[in-house]
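The residues making up each chain are set out below.
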Amino acid sequence: MPGYELINSLEKKALTDIFKQGSVFFAHGFDKIRKKYHVREFENLCEKYFNAKYCLMVSSGTAAIKIGLKSLGIKNGDEVITQSFNFIATIEAILDAGGIPRITSVDESLNMCPIDLKKKINKKTKAIIPVHMLGFSADLQNIKSLAKKKKIKILEDNCESIGAKFKKKYLGIHGNVGVFSFDFGKIITTGEGGLILTNDKKIFNYCKQYHDHGHLNIPTLSRGNDKVKMHGFNYRATELQGAIGKVQLKKLKILLSDNKIKYNILKKILEKKFLIRKIHKDTLPNYDTFIFFEKNNQKKKRIINLLKRFGLGTKNLPDALKWHCSYYWKHCLNKREIKNSLSTKKMLEQAIAIPINYRVKALKYERLAKNILKLK
Ligand SMILES: Cc1ncc(COP(=O)(O)O)c(C=O)c1O
């Protein structure tokens, strides 16, 4: 997830320019002393880039999920279904919105298993959160048709797969609401930050008010005299994040094509001997991680050591497995969900993730893959 690898003088200039434009770091108001509205400009650029009617920048991806769930009307006791290969933030957002997290297993793409999803849906289910993990789309075809049939809302957690597509359209706009993260590990980064995408004006208006203490932001009123209809919270992004976001967005295309080249080098060599992660029909990954499977634990260790010798970690698998597998989240989930997560834990224990980095040369990936093939 290499957005930070491309930080250079352009981001620095974007920040120093803010000082020349009135030094306003706040996204709203101060109209008389500012020349720019960076967060708003970034939101407009995202709307065009990802073809969403409405985008709202917020303080983090975690905040974006929580706000998104609240906009879908999640309240105390509602069940929200998500998946066992995930990041803890999704569960925390469900709990914070008052929901009860339910967990599905994952399929060969390591994303939500639609067959298990069908079994988990019941009268209390109010939303489904498919999480497009590490660059790959979930099986949206089947998840969407199930949700439609059962009249359940979808929130797409696309924090980890910005730039990936389903049916030629960017992930994040296929459900009722979608979210991105721009934290420091993501393909484009604003240090911390998140985005809410939706084509539904009602959802957008709710999110806009909720993330900013309920402010209606009526243009003819000063902020101090602004009106309010509901309580909210403070999940605003700053102008510093907005300004950086505009620069990083311009770099996304370069990163996506670089990822694809390196991913395909690894694939061509490693698929000769290893089972690799499934790509669902009609989907296009952002290719920022290459995942393959090795059942033999000793051999897996040898591969991981080789990766270390090449100066690469294994990202979440297995480096940060405990933060990405719900089997380990006894502090957030009940016993039933922990038990449901066991099969995923076993599957993930056989997975190895190679991060695709911009600064690591394609030739190095080729040498790495050839050396992995030679290991006994
Ligand atoms: C799948 C997923 N959801 C949510 C988040 C939370 O995003 P943030 O770190 O911006 O709060 C992350 C971040 O790592 C993530 O990977």
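Just above, that's the structure.
A quick note: this is a predicted structure, and the numbers were derived from the prediction, not measured.

Visitor: Please explain the sheet that holds strand β6 (residues 165-166) as it appears in this structure.
Guide: For sheets, the rule is that strands pair by backbone hydrogen bonds, running either parallel or antiparallel. An order of β7-β6-β11 is seen for the three strands of this open sheet, with the pairing classed as antiparallel. One side of each edge strand has no neighbouring strand; the edge strands of this open sheet are β7 (169-170) and β11 (283-284). Strand direction decides the pairing type here: β6 and β11, joined by two bridges, are antiparallel. Residue pairing for β11: K165 is matched across the bridge by L284.

Visitor: Explain the sheet that holds strand β8 (residues 177-181) here, please?
Guide: Strand order in the open sheet formed by seven strands is β1-β9-β8-β5-β4-β2-β3, and the pairing between neighbours is mixed. Either end of the sheet is taken by a strand with one partner, and the two such strands are β1 (54-58) and β3 (100-104). Adjacent strand axes in the sheet meet at a mean angle of 25° when their direction is disregarded. Here β8 runs beside strand β9 (residues 194-198); their pairing, made up of four bridges, is antiparallel. Across the sheet, the residue bridging to G178 is L197, located in β9. Across the sheet, helix α4 (residues 88-96) lies against β2 (79-83), β3 and β5 (153-157), angled at about 145° from β3, the strand it touches most.

Visitor: Help me understand the layout of surface pockets in this model?
Guide: Unoccupied space between atoms shows up once a probe the size of one water molecule is rolled over them. One number sums up the size of the largest pocket: a volume of about 510 Å³. Contributing to the lining of the largest pocket are 23 residues, with H28, G29, R40, K208 and N217 lying nearest its centre. Elements that contribute at least two residues to the lining of the largest pocket include exactly α2 (38-50), β1 and α7 (201-210). For the lining of the largest pocket, the leading source of residues is α2, giving five residues. Counted by class, the lining of the largest pocket contains nine nonpolar, seven polar and seven charged residues. Counted as a void, the second largest pocket has a volume near 370 Å³. Mapped onto the lining of the second largest pocket, the elements with two or more residues apiece are α3 (61-71) and α4.

Visitor: Can you walk me through the site of the ligand in this structure?
Guide: Neighbouring the ligand are 15 residues; T62, E160, S181, D183 and K186 lie closest to it. Between the ligand and G61, the relevant distance is 2.7 Å, taken from an oxygen atom to a main-chain nitrogen or oxygen of the residue. T62 places a polar side-chain atom, nitrogen or oxygen, 2.5 Å from an oxygen atom of the ligand. Protein chains bury 93% of the 390 Å² of accessible surface belonging to the ligand in isolation. With respect to the detected pockets, the ligand is housed in the second largest pocket. Of all elements in the fold, only α3 and α4 reach the threshold of two or more residues within the shell around the ligand. It is α3 that provides the largest number of residues to the shell around the ligand, a total of three residues. Considered class by class, the residues forming the shell around the ligand number five nonpolar, six polar and four charged.

Visitor: Any chance you could explain the pattern of salt bridges here in plain terms?
Guide: Side chains bearing opposite charge may pair, as long as their charged atoms lie close to each other. Counted according to the given criterion, the structure contains 23 salt bridges. Across the salt bridge formed by K20 and D17, the nearest N and O atoms sit 3.4 Å from each other. With K20 and D17 both in helix α1 (residues 9-20) and three residues apart, this pair spans about one turn of that helix. Exposure remark for K20: the relative accessible area of 61% places this residue in the exposed category. The salt bridge involving K267 is made with E271; its shortest N-O contact spans 3.5 Å. Among the charged side chains, a network of salt bridges with common partners joins E79, R102, R336 and E337.

Reading the values: the criteria
Residues numbered from 1 in each chain as written. Predicted model: local features only at pLDDT ≥ 70, side-chain atom pairs only at ≥ 80, totals over all residues. Heavy atoms only, no water. Pairing = 2+ DSSP bridges. Helix = DSSP H or I, 4+ residues; strand = E, 2+ residues; numbered from the N terminus. Axes fitted to C-alpha atoms, helices over the stretch in contact; angles between N-to-C directions. Contact = heavy atoms within 4.5 Å. 1 Å grid on protein atoms, 1.4 Å probe; cavity = no way out; pocket = protein on both sides within 12 Å on 5 of 7 lines; lining within 4 Å. Points joined across faces, edges and corners; volume = space filled by probe spheres on them. Nonpolar A, V, L, I, M, F, W, Y, C, P; charged D, E, K, R; others polar. Near = heavy atom within 4 Å. Polar contact = N/O pair within 3.5 Å; in protein donor to acceptor, adjacent residues only side chain to side chain. Areas by Shrake-Rupley, 256 points an atom, 1.4 Å probe, with all protein chains shown as cover. Sits in = over half its atoms within 2 Å of the grid points. Salt bridge = Lys/Arg side-chain N within 4 Å of Asp/Glu carboxyl O. Buried < 20%, exposed > 50% of the residue type's maximum accessible area, 1.4 Å probe, protein only.

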